[in-house]
Amino acid sequence: MHRDGNAIGGSARIEGSSVQAGEIHGGIHIHARDPAGRPARLPVPRQLLPVSPHFTDREGDLAALNGLRTRRPDESTPLIVVSGPAGIGKTALVSRWLRGLAEQFPDGQLYADLRGHSADGPAAPSEVLGQFLRALGIGPVPAGLGEQTALWRSVTAGLRVSVMLDNAFSAAQVRPLLTDGRTGLIVATSRHRLTGLRADGALYHQLGLLDPAAAEEMLSRGVGADRVRSEARDAHRLIALCGGLPLALCLASARLASRPRQPMRSLVESLTEGRRRLAALTIEGESSVHHALDASYAVLADDAARLYRRLALLPARTVEARLAASACAVPLEEAEQLLDALVEANLVEDIGPDSYRFHDLVRLHAAERGRAEEPPEARSEALRRVCDWYLATATEAQRYLSPIQLTLRRTYVHPPELPCPFTDSSGALGWLDGHRLDLLAAVHAAYEEGWDELAWQLVDALWPLFHRLRHHELWLEAHAVGLQAARRSKDRVAERQMLNSGAIGFSVAGRVDDAIRWFSWSLDAAREAGDARDEGQALHGIGSAHRQAGRFPEASTFLHQAIETWEAVGYPRGAALSRIVLGEMALESPGATWNGRPAAEYFDRARTTLLAVDDPYDAARALAFHGRARAVAGAYEDGVSELAAALLVFEEAGATPWQARVLEMLGRSAAEHTDPRTARDCFVRARDLYARQSPSDAQRMTDLLAAAPAEPADPEGTAPG
């Protein structure tokens, strides 16, 4: 099997016929006639298509190719482009597909490697055309590309022949190789998407990664199904490390097959060492993922190559145009164009509107290039620009979501000038949630770089994410870093802020004693600084934690101290929040009262205050509790109406935890009002929402469903007596 551009087969000779050339419309047209003067069909040699050692069944892809083939216009030869990153199995898929169609192309199957990423450069179209024409027995071959193209199209106009153009570099390289007529088939494979061929009627199929089942099948073919079964755990880890990339699995299989006595675990351990993964996927110094990616990288334009390198060094699991613009300090439009170039080269994957990602092995390669080619100061600047953009965007989200919340100062080395990716509170919360892991990675990166102010400012900016969506582990991890950064920078105000908001995270996570410890540290620090507002926050936090633990008398003492402290310094919002907690204690006490006051009274006063200070979100919390208190007191319809109004606020805000909590209140109220159908519906909806973040709360809903009374029989469904 040849893969050097000469794999067309020997020259074809036309027995008993003569070949005459004539000018038609400025091109060369070939007439082949037998001795009787009848047109003779050119005997095209059958070229064996390449066989890939890492082929695995891709029935869905084969079906997709068959579907594309049937979509061709009647007057043209189908042109199909199969694209995908290096090592994805493009050649294997297409060659298998075309071999299965051999009977439909009795005049032959032609193949050429266009060497799109060869060290010697891509094959020139004239080079390939010359080989194709000579393989068809045509000679002499014209010297000019235009004449060669015209001759090629004339010769193939009536032939039932398939042409595989493997490893194409660009649309311009493929276009002269297109045939004419209606009876053939052309398939080009490329690491680029070759979107320029759309004007030539091309249809496209993007090849994706193997799913786990197909990857396991491929590994079994390489090393034996028995070995995969006997070392199943390590086999699954190996498949995950190869990331569904056929070339990576092929190389791993070959390495294992050459070492039958070595446990699969040894290769897994080699591949888990990050930067050594690419080196481990090499067999005797030959074909490797690393070399394939080197070839794709080598042909990138300088600015696209710089973006490729820098993206992999950033704290981002996914990439968007604004992040790319920040990393390279270029306008947003230019960043979009550079990302398009990386998508076209199949080095990053387009996974949604303005959302891109690396394959794991490609990221390793890009990071390796970044460490080798980007000076340390350039890497540091790119990271700082991206972290500053994260901080500015998260702070803007905070402005939408909690405008009256105290926000600490923000300092930027590279103030971003990019447009904000959202325009309302719902979009702001969605952005924070969608970027939460990248934002946490940015917090860690800033701390590791010694940018302490940036680290704790990022944590402070994420408060709406923590408060509304309750990602407990993220909340606590971020504040542990933020607290260290504030202390290392000796910023006592920032330290108290980290202690307060971190302690709330411990409360939400059910770690009451940790919450009280953090709030106590904050209380000491606030009193030392003479900051009464922070003192009230710490007192409120300690009281809330005691209430959560069921220690109502202790809770009441601290909450009343918080109210007195906050009212003395003119902070009515804080006093209202403490009254909500006192109202919760009343709801859970006999007679729905606490200290002689009904629960509804606490919530009503709190809501009035919160509306007055323009805090609609916390006012909705007070409204929900007030509705529940009214339902408990017997005013079911009025209570349900208030709960429904609060639920609508939380739905519009995207606050999933509070949606679940209000649904739970509605369910309990319905159950107490002997409305089992409504109760069960609310518990099911609450369970499904809780399940996203709090398994214990979801289990509580499951228990309530099990204890809920059965729904009455439907009268229409009962049999007549």
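The structure under discussion appears in the preceding block.
Residues numbered from 1 in each chain as written. Predicted model: local features only at pLDDT ≥ 70, side-chain atom pairs only at ≥ 80, totals over all residues. Heavy atoms only, no water.

> Would you mind going over the overall build of the chain with me for this structure?
For the chain, the helix and strand inventory stands at 33 helices and 11 strands. Within the span of the chain, comprising 721 residues, buried residues form 53% of the whole. Expressed as a percentage of contacts within the chain between residues at least 6 apart in sequence, the contacts between residues at least 24 apart total 67%. Carbon and sulfur atoms provide 50% of the accessible area of the chain, an area that totals close to 31400 Å². (Helix = DSSP H or I, 4+ residues; strand = E, 2+ residues; numbered from the N terminus. Buried < 20%, exposed > 50% of the residue type's maximum accessible area, 1.4 Å probe, protein only. Contact = heavy atoms within 4.5 Å. Areas by Shrake-Rupley, 256 points an atom, 1.4 Å probe, with all protein chains shown as cover.)

> Before we go on, may I ask you to explain the nonpolar core in this structure?
Nonpolar side chains tend to gather and get buried jointly when the protein is soluble and globular. Leu300, Tyr308, Leu311, Leu323, Leu342, Tyr390 and Leu432 are the most contacted members of the largest nonpolar core, which has 94 residues in total. Sort the elements by how many residues they give to this core and helix H17 (residues 376–401) lands first, with 9 residues. Core analysis: the second largest hydrophobic core is formed by 50 residues, Ile580, Trp594, Ala606 and Met701 among them. (Core = buried A, V, L, I, M, F, W, Y, C linked by side-chain atoms within 4.5 Å.)

> What should I look at first to understand the pattern of salt bridges in this one?
Working definition: two side chains of opposite charge can pair if their charged atoms are close together. Per the counting criterion, the structure on display carries 43 salt bridges. In this structure, the salt-bridge partner of Glu368 is Arg369, at a minimum N-O distance of 4.0 Å. On the basis of relative accessibility, which here comes to 22%, the residue Glu368 falls in the partly exposed class. Among the residues examined, Arg369 registers a relative accessible area of 18% and is labelled buried. Note that Glu651 is salt-bridged to Arg685, the shortest N-O span being 3.9 Å. Highlighted residues: Glu651 in helix H30 (residues 636–653) and Arg685 in helix H32 (residues 676–690), separated in sequence by 34 residues. For Glu651, a relative accessible area of 37% corresponds to the partly exposed category. (Salt bridge = Lys/Arg side-chain N within 4 Å of Asp/Glu carboxyl O.)

> What should I look at first to understand the environment of Ala622 in this one?
Positionally, Ala622 belongs in helix H29 (residues 616–632). Given a relative accessible area of 0%, Ala622 falls into the buried group. The spacing of Ala622 and Arg579 is 43 residues in sequence and 9.3 Å in space, taken between C-alpha atoms.

> So what exactly am I meant to see when it comes to the pairing of strand S4 (residues 109–113) here?
Side chains on a regular strand alternate between the two faces of the sheet. By the criterion of burial, S4 is predominantly enclosed, with 5 of the 5 residues buried. Judged by which residues are buried, S4 turns out to be covered on both faces: Gln109, Tyr111 and Asp113 on one side and Leu110 and Ala112 on the other are all buried. As judged from the 5 bridges shared by S4 and strand S5 (residues 162–168), these two strands associate in the parallel manner. Following the sheet pairing, Tyr111 is matched in S5 by Met164. (Pairing = 2+ DSSP bridges.)

> I keep staring at a negative patch on the surface and nothing clicks. Help me out?
There is a patch of like negative charges on the surface, built from Glu333, Glu336, Asp340 and Asp350. Here the element with the most residues in the negative patch is helix H15 (residues 332–344); it accounts for 3 residues. The residue Asp340 is located in helix H15 in this model. (Patch = residues over 30% accessible without salt bridge, like charges linked within 9 Å, V, L, I, M, F, W, Y side chains within 5 Å. Lys, Arg positive; Asp, Glu negative; His and termini not counted. Charge placed at Lys NZ, Arg CZ, Asp CG, Glu CD.)

> Sorry, what's going on with H15 here?
One full turn of an α-helix is made of 3.6 residues, so residues set three or four places apart face in the same direction. Between its first and last C-alpha atoms H15 spans 18 Å; for 13 residues at 1.5 Å apiece the expected length is 18 Å, and the two agree. Within H15, the full set of buried residues consists of Leu332, Ala335, Leu338, Leu339, Leu342 and Val343. Buried residues of H15, viewed axially, fall in a sector of 145 degrees; they line one side. Looking at H15, the residues exposed on the side facing more than 90 degrees away from the buried face are Glu333 and Gln337. Of the surrounding elements, those touching the buried residues of H15 are helix H13 (302–312), helix H14 (321–328), strand S8 (349–352) and strand S9 (355–357). (Expected span 1.5 Å × (residues − 1). Arc of directions from axis to C-beta.)

> I tried to follow the packing of aromatic side chains on my own but got confused; where do I start?
Here a ring pair, both rings aromatic, is described through the centre-centre distance and the interplanar angle of the planes. Under the criterion given, the structure shown has 17 aromatic pairs. A centroid spacing of 5.5 Å and a plane angle of 35 degrees characterise the contact between Tyr297 and Tyr308, whose relative ring orientation is tilted. Taken together, the residues span a long stretch of sequence, with Tyr297 in helix H12 (residues 289–298) and Tyr308 in helix H13 at a distance of 11 residues. In terms of burial, Tyr297 and Tyr308 fall into one category: buried. Here the aromatic rings of Tyr308 and Phe358 are separated by 5.8 Å at their centres, their planes lie at 65 degrees, and the arrangement is edge-to-face. With a gap of 50 residues between them, Tyr308 in helix H13 and Phe358 in the loop between S9 and helix H16 (360–373) connect regions that are remote in the sequence. (Phe/Tyr/Trp six-rings, centres within 6.5 Å; stacked < 30°, edge-to-face > 60°.)

> Which parts of the structure should I look at to understand unusual backbone geometry?
Note: most residues except glycine have negative phi, and most peptide bonds are trans. At Asn167, a residue that is not glycine, the phi angle is positive and equals roughly 60 degrees. Tracing the backbone through its elements, the reader meets Asn167 in strand S5. On the basis of relative accessibility, which here comes to 17%, the residue Asn167 falls in the buried class. Non-glycine residue Leu194 carries a positive phi angle of around 55 degrees. In this structure, Leu194 sits in the loop between strand S6 (185–190) and strand S7 (203–206).

> I keep staring at H29 and nothing clicks. Help me out?
Taking 1.5 Å of rise per residue, the 17 residues of H29 would be expected to cover 24 Å, and the 24 Å separating its terminal C-alpha atoms lies within 8% of that figure. Of all 17 residues that make up H29, 14 are buried, and the element is covered over most of its length. Looking one or two residues past H29, Gly634 carries a phi angle of roughly 110 degrees, positive in sign.

> Just checking my understanding: could you explain the pairing of S8 for this structure?
Two elements, S8 and S9, share 3 bridges in a ladder whose sense is antiparallel. Paired with Gly352 across the bridge in S9 is Ser355. Hairpin connection, S8 to S9: the antiparallel pair is bridged by 2 residues, and Asp354 has positive phi, about 50 degrees.

> Sorry if this is basic, but what is going on with the sheet that holds S7 here?
Two strands in a sheet stick together by hydrogen bonds in their backbones, pointing the same way (parallel) or opposite ways (antiparallel). A sheet is described by the order of its strands in space; here 5 strands give the open sequence S4-S5-S6-S3-S7, paired in parallel fashion. Each edge of the open sheet is held by one strand with a lone partner, namely S4 and S7. Between one strand axis and the next, the sheet turns through 15 degrees on average, direction left out of account. Strand direction decides the pairing type here: strand S3 (residues 79–83) and S6, joined by 5 bridges, are parallel. If you follow Leu79 over to S6, its bridge partner there is Ile186. Each of S4 and S5 is contacted by helix H3 (residues 125–135), which is oriented at about 150 degrees to S4, the strand it contacts most. (Axes fitted to C-alpha atoms, helices over the stretch in contact; angles between N-to-C directions.)

> Mind showing me how you'd approach the environment of Pro416 here?
With respect to the element layout, Pro416 can be found in the loop between H17 and helix H18 (425–434). In this structure Pro416 comes out as partly exposed when scored by relative accessible area, which is 32%. Sequence separation between Pro416 and Ala325 is 91 residues; the distance between their C-alpha atoms is 9.9 Å.

> I'm lost on the side chain of Thr393 in this one. Help?
Of note, Thr393 is situated in helix H17. Assessed through its relative accessible area of 5%, Thr393 is described here as buried. Among the polar contacts made by the side chain of Thr393, one reaches the main-chain carbonyl oxygen of Trp389 at a distance of 2.8 Å. Leaving out residues up to four positions away in the same chain, Thr393 has contacts with Pro421, Phe422 and Trp431. (Polar contact = N/O pair within 3.5 Å; in protein donor to acceptor, adjacent residues only side chain to side chain.)

> What am I meant to see in the side chain of Asp460 here?
Along the chain, the position of Asp460 falls in helix H20 (residues 452–461). For Asp460, a relative accessible area of 5% puts it in the buried group. In this view, Asp460 contacts Gln398, Thr407, Leu408, Arg410, Gln497 and Met498; residues no more than four positions away in its chain are not counted.

> What am I meant to see in the packing of H13 against H15 here?
Relative orientation and spacing of two packed helices are given, respectively, by the angle between their axes and the distance between those axes. Interaxial distance between H13 and H15 falls to 9 Å at its minimum, and their mutual angle equals 85 degrees. The angle between the axes of H13 and H15 places the two elements in the roughly perpendicular class. Across the interface between the two elements, Asp303, Ala304, Leu307, Tyr308 and Leu311 of H13 pack against Glu334, Leu338, Leu339, Ala341 and Leu342 of H15. In terms of residue class, the contact of H13 with H15 is built from 8 nonpolar, no polar and 2 charged. (Parallel < 35°, antiparallel > 145°, perpendicular 65-115°, else oblique. Nonpolar A, V, L, I, M, F, W, Y, C, P; charged D, E, K, R; others polar.)

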